[in-house]
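# Survey of secondary and tertiary structure
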Amino acid sequence: MERSEGAAWYDDAAGPVVRPYALTGGRTDHDDADQFDMVALIVAVPRPEDGRGDASGWAPEPEHDMILELCRTPLSVVEIASDLELPLGVVRVLLGDLLDHSLIEVRRPAPVAQFPSERVLKEVIDGIRAL
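Residues numbered from 1 in each chain as written. Predicted model: local features only at pLDDT ≥ 70, side-chain atom pairs only at ≥ 80, totals over all residues. Heavy atoms only, no water.

## Describing the pattern of salt bridges
- In the structure shown here, the tally under the stated rule is five salt bridges.
- The shortest N-O distance in the salt bridge between K122 and E118 comes to 3.2 Å. Taken together, the positions of K122 and E118, both in helix α5 (residues 118-130) and four residues apart, correspond to about one turn of that helix.
- Where E123 meets R119, a salt bridge forms, and the shortest distance between an N and an O atom there is 2.8 Å. Separated by four residues within a single helix, E123 and R119 lie in helix α5, roughly one turn from each other. (Salt bridge = Lys/Arg side-chain N within 4 Å of Asp/Glu carboxyl O. Helix = DSSP H or I, 4+ residues; strand = E, 2+ residues; numbered from the N terminus.)

## Points about the environment of A44
- By secondary structure assignment, the location of A44 is in strand β3 (residues 41-44).
- Taking the relative accessible area as the measure of exposure, A44 reaches 22% and is therefore partly exposed.
- Note: C-alpha distance between A44 and E69 (25 residues apart in sequence) is 7.8 Å.
- If near-sequence neighbours (up to four positions away) are discounted, A44 is found in contact with L68, C71, L103 and I104. (Buried < 20%, exposed > 50% of the residue type's maximum accessible area, 1.4 Å probe, protein only. Contact = heavy atoms within 4.5 Å.)

## What to know about helix α2 (residues 62-70)
- Of the residues making up α2, those classed as buried are E63, H64, I67 and L68. Mapping the buried residues of α2 onto a view down its axis gives an arc of 140°, with all of them on the same face. (Arc of directions from axis to C-beta.)

What follows is the structure, encoded as structure tokens:
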């Protein structure tokens, strides 16, 4: 099979041959990485009029854009990592970049205490069965 010029960066068995640290510029963590636990919900916020960059001159990489596209509706951090087929640590660093530039919001899942008790749920089920 003849390979094109760009095919050197792709291995049929392994997929893209770009190391995770290349996607994050060698960074392995973000200052607010504790915000990005696996079940935290991420949602993209509307972009500035021009759609790219900000006053600091930062422009998102393609992976940042893919995250923003996925997060038009809230997704958990682990779902983002799965959809992009990237390691969780890499996704956390990329999310940190987006948070620094106010392109995403992090929503915490409801604490267990806010859910109805088991007794209430059983009563609801019993009431439905009685219908």
